[in-house]
Amino acid sequence: MIEPKTSLGTMLLALGVALGVAALDYRAGFGDVPWHALFVIPVVWIALWSAEDDILPVTIMAAIATMLALARVIMSHGIDSSPSFGERAVIVGIIWITVLLALLRKRTRRTFKWIKFSRRL
């Protein structure tokens, strides 16, 4: 089995950011601010800072961000100020489109890695 090249520290830092966004999102006092849009940040962070061969860290962070984004809808069922499921679905869609684009970028970089650009024309 191939071990991921992405450092555990990077994963933990991105997880900390995701948990921080979740804490802001779950706070009742900040109900009018759309904090759930920030769940994309840890996914983009891992997508940019993970190694070209690593698919698992990006997928894991997207799954965690998806669960955290949808958890408030599930937990606040029946409360008057429950968040809109449609807004959350848009954010989840953006998260997974980001994962798809990141994986396509990684695949392209692996495929065309053999191309060496010369300084001479």
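This text goes with the structure placed above it.
Residues numbered from 1 in each chain as written. Predicted model: local features only at pLDDT ≥ 70, side-chain atom pairs only at ≥ 80, totals over all residues. Heavy atoms only, no water.

Engineer: It is not clear to me how the overall build of the chain should be interpreted in this structure. Could you clarify?
Structural biologist: Of the regular secondary structure elements, the chain holds four helices and zero strands. Sequence-ordered secondary structure for the chain, helices as α and strands as β, is α-α-α-α. The buried share of the chain, reckoned over its 121 residues, is 31%. Across the chain, every contact between residues at least 6 apart in sequence was considered, and the portion connecting residues at least 24 apart equals 71%. About 8300 Å² of surface is accessible on the chain, with carbon and sulfur atoms providing 69% of the total. (Helix = DSSP H or I, 4+ residues; strand = E, 2+ residues; numbered from the N terminus. Buried < 20%, exposed > 50% of the residue type's maximum accessible area, 1.4 Å probe, protein only. Contact = heavy atoms within 4.5 Å. Areas by Shrake-Rupley, 256 points an atom, 1.4 Å probe, with all protein chains shown as cover.)

Engineer: Can you help me understand the side chain of H36 in this one?
Structural biologist: Mapped onto the fold, H36 is located in the loop between α1 (8–26) and α2 (40–49). For H36, a relative accessible area of 8% translates into the label buried. In contact with H36, not counting residues within four places along its chain, are D25, E87, R88 and I91.

Engineer: Honestly, the nonpolar core in this entry has me stumped. Any pointers?
Structural biologist: Generally speaking, nonpolar side chains in soluble globular proteins are found buried as a group. Counting residues in each nonpolar core, the largest one holds 21 residues, and the members touching the most others are F39, V43, I46, M61 and I95. Where this core is concerned, the elements lending two or more residues are α1, α2, α3 (56–75) and α4 (85–111). For this core, the element with the most residues is α3, which contributes six residues. Every residue in contact with V43, bar those within four places of it in the chain, is listed here: M61, A62, A65, I95, T98 and V99. (Core = buried A, V, L, I, M, F, W, Y, C linked by side-chain atoms within 4.5 Å.)

Engineer: What is the right way to look at the side chain of D25 in this model?
Structural biologist: When you line up the elements, D25 lands in helix α1. Take D25: its relative accessible area is 2%, and that puts it in the buried class. With residues near it in sequence (within four places) discarded, D25 still touches W35, H36, F39, R72 and R88.

Engineer: Teacher, can you tell me more about the environment of M61 here?
Structural biologist: By secondary structure assignment, the location of M61 is in helix α3. Judged by its relative accessible area of 1%, M61 is buried. When the C-alpha atoms of M61 and V40 are compared, they prove to be 9.7 Å apart, with 21 residues separating the residues in sequence. Residue contacts for M61: discarding those within four places in its chain leaves M11, A14, L15, P42, V43 and I46.

Engineer: How should a nonpolar patch on the surface be read in this particular structure?
Structural biologist: Taken together, the side chains of I97, L100, L101 and L104 make up a nonpolar region of the molecular surface, amounting to roughly 380 Å² of accessible area. Tracing the backbone through its elements, the reader meets L104 in helix α4. Residue L104 is classed as partly exposed on the basis of its relative accessible area of 40%. (Patch = residues over 30% accessible without salt bridge, like charges linked within 9 Å, V, L, I, M, F, W, Y side chains within 5 Å. Salt bridge = Lys/Arg side-chain N within 4 Å of Asp/Glu carboxyl O.)

Engineer: Help me out: how do you make sense of the pattern of salt bridges in this one?
Structural biologist: When the charged atoms of two side chains with opposite charge come close together, those side chains can pair. Evaluation of the coordinates by the stated rule reveals one salt bridge. Residue R88 is joined to D25 by a salt bridge in which the shortest nitrogen-to-oxygen separation is 2.6 Å. With R88 in helix α4 and D25 in helix α1, this pair connects stretches of sequence that are 63 residues apart. For the pair formed by R88 and D25, the shared burial category is buried.

So, to be careful, I would describe these as geometric facts and stop short of saying anything about function.
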